Amino acid sequence: EAAVSVPGPKNAREEACTTHYDCDAGKFCARFTAGLIATTCQPCMLCQVNFQDAVDMSCPQDLCPGSGTLPNCADGSKLAELSCPDKVKFQLWEYIDKSDGNPQVKPVSTARVREVTPNNRLVGAIVLTQERRRLQPCTLVGNPSVLNYTNNVGKQCRGVDLDGNLTGRDPTFSAFSSIYNGKLKALDYYDISELEEGTSPSGFFPHQYDTT
C-alpha cells in the first residue's frame, strides 16, 4: 500500500526563504520575524523600512509595489548626549556693521493687503452715520385721513427729537445671520446693559458713547 502525499502551497506564512522570489505572490522575504531567527516570507504590508525589513535591505517593488517608503529609525540616545546651554551671549556687531548705526529690532509696519473676496481688496474703512428720531403721536401729519388712521390703530411717528437709545442687533451674535459665530460670548465684548433682554447685543449706539 503506497502513501500519497499532497503538496501544500509554495510557501506558507512564516516559511523560510533566502530571496524574495522564494515567496508566494503578495509576500516578500523578511529579515527579522518575531520569535524566529531564520528569514521568512511575510505579507508585503510588513515591508516598511528597506534596511530593517527586507532580507536584501530593499523591499521588492515588482512584488510589493510602494513598499519600503518609511525612513530608517534614528538612534534617540544620541540626542541625550547633546549639551545645549540655556543662554548664549553674542554681539550684534558680529552680524551687522557698526557704521550702519543701531539695529532696528522691530521692522517698520506696512499696510497688509486685505482681500474681502477673491476679486475685491479692502482699501479703507467706511463710517456710516444716521439720525434716528424718537417715536411720538402722529400730531404733525398734514393729511387728515392718515392722521385719523394712525390715531385709530395706535401707530406712532418719528418726531423731531433725536433718539438716544440703543437699537438694532449685532449680526455676529444672531443665529439667522451669515456672519454668526456661535463660539463668541456677548459678555466678552458688551456690558450687560447693552444686551437686549440680557442675551442679544445691540448693533447701533448713539453718539453719547463716544464720550464714555
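Residues numbered from 1 in each chain as written. Predicted model: local features only at pLDDT ≥ 70, side-chain atom pairs only at ≥ 80, totals over all residues. Heavy atoms only, no water.

*Asks:* Explain the pattern of salt bridges here, please?
*Replies:* Side chains that differ in sign of charge can pair as their charged atoms come close. Taken as a whole, this structure holds 2 salt bridges when the rule is applied. Asp163 is the salt-bridge partner of Arg132, the closest N and O atoms lying 3.9 Å from each other. Within this pair, whereas Arg132 is found in the loop between strand 4 (120-122) and strand 5 (133-137), its partner Asp163 is found in the loop between strand 6 (156-162) and strand 7 (195-196), the two being separated by 31 residues in sequence. Under the relative-accessibility criterion, Asp163 is labelled buried at 17%. (Salt bridge = Lys/Arg side-chain N within 4 Å of Asp/Glu carboxyl O. Helix = DSSP H or I, 4+ residues; strand = E, 2+ residues; numbered from the N terminus. Buried < 20%, exposed > 50% of the residue type's maximum accessible area, 1.4 Å probe, protein only.)

*Asks:* Hey, could you run me through helix 3 (residues 144-153) in this one?
*Replies:* Owing to its 3.6 residues per turn, the α-helix aligns residues three or four sequence positions apart on the same side. Capping the start of helix 3, Asn143 holds a side-chain oxygen 2.9 Å from the backbone nitrogen of Ser145, two or three residues further along. Downstream of helix 3 by one or two residues, Gly154 has phi in the positive range, about 75 degrees. (Polar contact = N/O pair within 3.5 Å; in protein donor to acceptor, adjacent residues only side chain to side chain.)

*Asks:* Mind showing me how you'd approach the packing of aromatic side chains here?
*Replies:* The description of two aromatic rings rests on the distance between their centres and on the angle between their planes. Under the counting rule described, the total for this entry stands at 3 aromatic pairs. Ring centres of Phe173 and Tyr189 lie 6.3 Å apart, and the angle between their planes is 55 degrees; on these two criteria the pair is classed as tilted. Of this pair, Phe173 sits in the loop between strand 6 and strand 7 while Tyr189 sits in the loop between strand 6 and strand 7; the two residues are 16 residues apart in sequence, bridging distant segments of the chain. Using a relative accessible area of 53% as the deciding quantity, one classes Tyr189 as exposed. Pairing Phe173 with Tyr190 gives two aromatic rings, centres 6.0 Å apart and planes at 80 degrees, and the pair type is edge-to-face. Taken as a pair, Phe173 in the loop between strand 6 and strand 7 and Tyr190 in the loop between strand 6 and strand 7 lie far apart in primary sequence, 17 residues in all. Each member of the pair Phe173 and Tyr190 is classed as buried. Above the face of the Phe51 ring, Arg31 is positioned so that its terminal group lies 5.8 Å from the ring centre. (Phe/Tyr/Trp six-rings, centres within 6.5 Å; stacked < 30°, edge-to-face > 60°. Lys NZ or Arg CZ within 6 Å of the ring centre and 35° of its normal.)

*Asks:* Is there a simple way to think about the environment of Asn120 in this case?
*Replies:* Of note, Asn120 is situated in strand 4. If sequence neighbours within four positions are ignored, Asn120 has contacts with Arg114 and Glu115. (Contact = heavy atoms within 4.5 Å.)

*Asks:* Explanation requested: unusual backbone geometry in the structure shown.
*Replies:* Negative phi is the rule for most residues except glycine; trans is the rule for most peptide bonds. Positive phi values are uncommon outside glycine, yet Met57 reaches one of about 65 degrees. Note that Met57 resides in the loop between helix 1 (50-53) and helix 2 (77-80).

*Asks:* Help me out: how do you make sense of the confidence of the model for the protein chain in this one?
*Replies:* Averaged over all residues, the pLDDT of the protein chain is 79; the fraction at 70 or higher stands at 88%. In this model residues 1-13 is a low-confidence stretch, pLDDT under 50, and it forms 18 contacts with partners more than four residues away in sequence or in other chains. (pLDDT = per-residue confidence, 0-100.)

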